[in-house]
Amino acid sequence: MTLASTSTPVPAHGTTAPAPAWNRQRPSRMPSSRYADVHARVEVPDLPDRRWPSRRLTQAPLWVPVDLRDGNQALAEPMDPARKRRFFELLVAMGYTEIEVGYPSASQTDFDFVRLLAETDLAPEHVTVVVFTAARADLVARTFEAVRGLRNPVVVHVYTATAPVWRDVVLGRDREDLARLITDAGADVLRHAGDDPRVRFEFSPEVFNLTEPDYVLDVCDRMTTLWDATPERPVILNLPATVEVATPNVYADQIEYMDRHLARRDGVVLSVHPHNDRGTGVACAELAVLAGAQRVEGCLFGNGERTGNVDLVTLGLNLHAQGVDPMVDFSDLDGIRDVVVACNRIDVHPRHPYVGELVHTAYSGTHQDAIRKGMERHRADAAASGLDPAVAPWRVPYLPVDPADLGRSYEALVRVNSQSGKGGVAYVLHSVHGLDLPRGLQVDLARRVQQHADATGAEVTPDVLLALFDDAYARPGAVDPVSWTSHRTDDGTERLDLVLTVHGAQVTTSGTGAGAVDALVDALARLGRPVEILSLTQQSVGQGSDATALTYLEHRGPDGTPCWTVGRDASVLGASVRAVCAATA
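Sequence order as written defines residue numbering, which begins from 1 separately in each chain. For this predicted model, a pLDDT threshold of at least 70 governs which residues receive local features, and a threshold of 80 or more governs which side-chain atom pairs are given and counted, while totals over whole chains, interfaces and linings are taken from all residues. Here the side-chain values reflect all heavy atoms present in the structure, with hydrogen atoms and water set aside.

As annotated in an unreviewed UniProt entry, the chain carries the name 2-isopropylmalate synthase and comes from Cellulosimicrobium cellulans F16.

If you want it as structure tokens, here you go:
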């Protein structure tokens, strides 16, 4: 065994390479020299022909949620039986088929929960139940007492820390002494299991990633020999990054070394259990699967000791986003989150990958514009291909997955604050209130919205946005319409008869023109209230008797600049009359 080599020189531990002239960072006051990198703490396999970098993730590993054991141990208020049951039922409903349910030798609550599974049909027959125990004879015996009579397949998971610091500081045992302790516990497991075909075995050399490769390989091979690992009854060897101490590529090298050197490899299910101390637990798990791991233990949304276990939701949806079925159902992600939060009594961060309430939301104007255009193109491409947009290929900027796949609507895709642009403002008004604004009106409204957002410093909700829109464009002008009728004259022109209120006084008047709007402009001019129309756009919001007509009117303002007004009415003519009258000064 040799230490890992690198292709470029690396500064010795405790030294700093000279920085280029453009890098003006200065040394901090942090005592970083107190800490050693992973290569100074443990031999890392030298794999010059490593294979994992050229592999791709093409199928899901076997996922094993450990929320009910490892995650539960990390809670300030461990789950009571009702919360445990609710969480277990969620995991089953999502499609997990192997679930670690507890540490029955260490907790009466865990013991009772395993007995509940044994005495009821709460666990479907296809679900494998995993129980966890330290490598100690009395604890092994208590574990088998818990699973007695369970109809489900059972994995008895034995663990012992194997890393040098743990051997020295925690256990007080040398390598051979600890190896005997582990195999003795394995023999106890084998004796209690007898010839029960339901029972399979799992061994975790805890802190694998800081254990000497030759030692952990020797201990694992002893266990697979003792338990007679075969393809028909494989042994699970779970290799945890119990305390994450290195970049993910190092963990991948360690896993590939084991994958390539384990005895009875075809009788081993190679499993990993990354923690997240460095914040790279997801990357560690993904690279470990590339390196040969077939099974991944973790928790929903990354709960666990310290910074947590690897997040099974992120891992699963990362596969989904690459076109690979995660083999677990995340189609009601908000519902899943609600159950997990209620059971763990820990909130999920709003920026948490995939599930956070803000992860599909854009505030930036450039992002909003790209998402709006992307959604429009997606719908158009789906229609052109004769596909339902829900199954059409997804290529929308800034959104790695379709929020609808996760049970979410599109309303929260764009939210408005001082950083937003016209596209975002228009998107919200269209998606929430059905308004399809002309581009010029989008520009004018965005300016007003930004002024409001700058003044308040707050997000502009869809209802506030609509109120700003109405206040700016739907106010009555100097002339307010009361009633109107229109008919075609014998010479082919349109005649519009109106009752108007001008400064509180009712006026009856009429006008003629090529159409009703022209006739209205003629009538207003006769009253000394001229309106110069630059553009007029109409739309309908809603359907049937609930439909509302809208007219967006661009007109010449008193100072010669373009201005906008909006009219709403049950009829198209009424909406136009209101929009034109609102433009009067």
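Back to the text.
Visitor: Can you walk me through the domain arrangement of the chain in this structure?
Guide: The extent of an interface is frequently quoted as the accessible surface area lost upon association of the parts. The start and end points of each domain follow an automatic or database-based domain assignment. Each domain of the chain was delimited in the assignment, giving domain 1 (74-344), domain 2 (360-413), domain 3 (417-461) and domain 4 (475-583). When each unit is reduced to the centre of its C-alpha atoms, the spacing between domain 1 and domain 2 is 38 Å. The contact criterion used is simple: two residues touch if any of their non-hydrogen atoms lie within 4.5 Å. Every contact between the two is made by 9 residues of domain 1 and, on the other side, 6 residues of domain 2. Taking both sides of the interface into account, the surface hidden between domain 1 and domain 2 amounts to around 570 Å²; carbon and sulfur atoms contribute 52%. The salt bridge criterion pairs a side-chain nitrogen of Lys or Arg with a carboxyl oxygen of Asp or Glu, the two atoms within 4 Å. Where domain 1 packs against domain 2, one counts 1 salt bridge. A salt bridge links Asp334 to Arg408; its shortest N-O distance comes to 2.8 Å. A run of H or I in DSSP becomes a helix once it reaches four residues, and a run of E becomes a strand once it reaches two; helices and strands are each numbered from the N terminus. Within the residue set of the side of domain 1 that touches domain 2, elements represented by two or more residues are helix H11 (312-320) and helix H12 (333-344). Among the elements that line the side of domain 1 that touches domain 2, the one with the most residues is H12, at 3 residues. By residue class, the composition of the side of domain 1 that touches domain 2 is 4 nonpolar, 2 polar and 3 charged. Buried area, as used here, totals the accessible surface that two parts lose on assembly, with accessibility defined by a 1.4 Å probe and the loss added over both. Residues are grouped as follows: nonpolar covers Ala, Val, Leu, Ile, Met, Phe, Trp, Tyr, Cys and Pro; charged covers Asp, Glu, Lys and Arg; every other residue, Gly included, is treated as polar.

Visitor: Looking at this structure, I do not really get the nonpolar core. What am I missing?
Guide: The tendency in soluble globular proteins is for nonpolar side chains to be buried as a group. Only buried Ala, Val, Leu, Ile, Met, Phe, Trp, Tyr and Cys residues count toward a nonpolar core, and they belong to the same one when joined by side-chain atoms within 4.5 Å. Think of it in three bands: residues with accessible area under 20% of the maximum for their type are buried, residues over 50% are exposed, and the middle band is partly exposed, with areas taken using a 1.4 Å probe on protein chains only. Core analysis: the largest hydrophobic core is formed by 95 residues, its most contacted members being Phe88, Tyr96, Val101, Ile255, Leu300 and Leu333. Once residues within four sequence positions are removed from consideration, Ile255 is found in contact with Phe208, Leu239, Leu270, Val272, Ala288, Ala291 and Ala293. By size, the runner-up hydrophobic cluster in this structure holds 26 residues, among which are Ala362, Tyr427, Leu441 and Ala453.

Visitor: It is not clear to me how unusual backbone geometry should be interpreted in this structure. Could you clarify?
Guide: Note: most peptide bonds trans; most residues except glycine with negative phi. The backbone of Phe301 sits at a positive phi, close to 65 degrees, despite the residue not being glycine. Take Phe301: it is sitting in the loop between strand S8 (295-298) and H11. Of note in the backbone geometry, Arg306 takes a positive phi value of approximately 55 degrees without being a glycine. By the secondary structure assignment, Arg306 is in the loop between S8 and H11.

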